[in-house]
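Residues per chain are reported as follows:
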Amino acid sequence: MIKESLLNPAEAHVQQQIGAGDYWLHRIEKGQTLRITDLEGNQAADTLFFNADDTAERYSMSDTLRGQHNVFLTAGSVLRSNDDRPMLTIVADTCGRHDTLGGACATESNTVRYDLEKRHMHACRDSWMLAVAEHPEYGLTRRDITHNINFFMNVPVTHEGGLTFADGISAPGKYVELVAQMNILVLISNCPQLNNPCNGYNPTPILVSVW
Ligand SMILES: [Zn+2]
């Protein structure tokens, strides 16, 4: 569902560009709004959310999809935790739908999906592992790297019930906006994937804003 935001970007107190292949790990407080903007279009923002006060509680794909009876995320979606509590609500979305079924890219999946020689290529799981290693103050470990959301990524479900990676439905300047229902740790890997059309074979920067 397309829904535009009424917030003024000039009033955001955080505005940070994330290059392709980089991560962003940041705490936002209950009631704050997070916007992720696809600056050049067809980029995938692989995102994990944790309860900032107890990181054992984290975003759960299965609880979220069961709660909303829909496999795609868009405006109105409530992102639920593994304790089945609301973590964030998507309040604006100019892309229209986001994937949470496809998972994040990893060096292992790159070899299975594409070629053995792709194993050395940078992947989202590496970026998350680096974030966890570089920021011990948040108490995260690699055990906390779990199922994620792929904002802006187009993963249609086929008639037979399979998944496909398809050309993106996003475009330059499209954004998704979420309001935190609890204190949240946000961990985004701006996907470096070069082998599939989800980011147009051309990873590009995203912008994160917080109000
Ligand atoms: Zn990726």
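- Per an unreviewed UniProt entry, the protein chain carries the name DUF1989 domain-containing protein and comes from Pantoea phytobeneficialis.

Things to note about the nonpolar core
Thinking step 1. By size, the foremost hydrophobic cluster in this structure holds 50 residues, and its most contacted members are Ile36, Phe49, Trp128, Ile184, Val186, Leu187 and Ile188.
Thinking step 2. Among the elements that line this core, the one with the most residues is strand S9 (residues 184–190), at five residues.
Thinking step 3. When neighbours within four sequence positions are excluded, Leu187 is seen to be in contact with Tyr23, Leu25, Thr47, Leu48, Trp128 and Ala131.

Points about the sheet that holds strand S5 (residues 78–80)
Thinking step 1. Read across the open sheet, the six strands follow the order S1-S10-S3-S8-S6-S5; overall the sheet is antiparallel. The open sheet is flanked by strand S1 (14–18) and S5, the only strands paired with a single partner. Ignoring strand direction, the axes of neighbouring strands in this sheet form an average angle of 20 degrees.
Thinking step 2. As defined by bridge partners, strand S3 (residues 33–38) adjoins strand S10 (residues 206–210) across five bridges and the pair is classed as antiparallel.

Comments concerning the UniProt feature "domain: DUF1989" (unreviewed entry) in the protein chain
Thinking step 1. The UniProt feature table records "domain: DUF1989" (unreviewed entry) at residues 17–185.
Thinking step 2. As annotated, residues 17–185 comprises 15% helix and 26% strand, and the C-alpha atoms at either end are separated by 18 Å.

What about unusual backbone geometry?
Thinking step 1. The phi dihedral of His69 is positive, around 55 degrees, even though this residue is not glycine.
Thinking step 2. Relative to the helices and strands, His69 is located in the loop between helix H1 (61–68) and S5.

A few points about the environment of Gly96
Thinking step 1. Within the element layout of this structure, Gly96 appears in the loop between strand S6 (86–93) and helix H2 (107–113).
Thinking step 2. Once the C-alpha coordinates of Gly96 and Gln68 are considered, the two residues, 28 residues apart in sequence, prove to be 16 Å apart.
Thinking step 3. Excluding anything up to four places from it in sequence, Gly96 contacts Ile2, Thr74 and Ile169.

Comments concerning the sheet that holds strand S7 (residues 149–151)
Thinking step 1. Judged by pairing direction, the sheet is antiparallel, and its four strands sit side by side in the order S2-S9-S4-S7 without closing on themselves. Where the open sheet ends on each side, the last strands, each with one partner, are strand S2 (23–28) and S7. The sheet shows a mean angle of 25 degrees between the axes of neighbouring strands, taken without regard to direction.

What to know about the environment of Gly67
Thinking step 1. Tracing the sequence through the fold places Gly67 in helix H1.
Thinking step 2. Put simply, Gly67 and Val78 are 11 residues apart on the chain and 8.0 Å apart in space, counted from C-alpha to C-alpha.
Thinking step 3. Beyond its immediate sequence surroundings of up to four residues, Gly67 is in contact with Val78 and Arg80.

Analysis parameters
Residues numbered from 1 in each chain as written. Predicted model: local features only at pLDDT ≥ 70, side-chain atom pairs only at ≥ 80, totals over all residues. Core = buried A, V, L, I, M, F, W, Y, C linked by C-beta atoms within 7 Å. Buried ≥ 20, exposed ≤ 12 C-beta atoms within 10 Å, placed from the backbone. Helix = DSSP H or I, 4+ residues; strand = E, 2+ residues; numbered from the N terminus. Contact = placed C-beta atoms within 7 Å. Pairing = 2+ DSSP bridges. Axes fitted to C-alpha atoms, helices over the stretch in contact; angles between N-to-C directions. UniProt positions renumbered as here; feature names shortened; annotations may be inferred.

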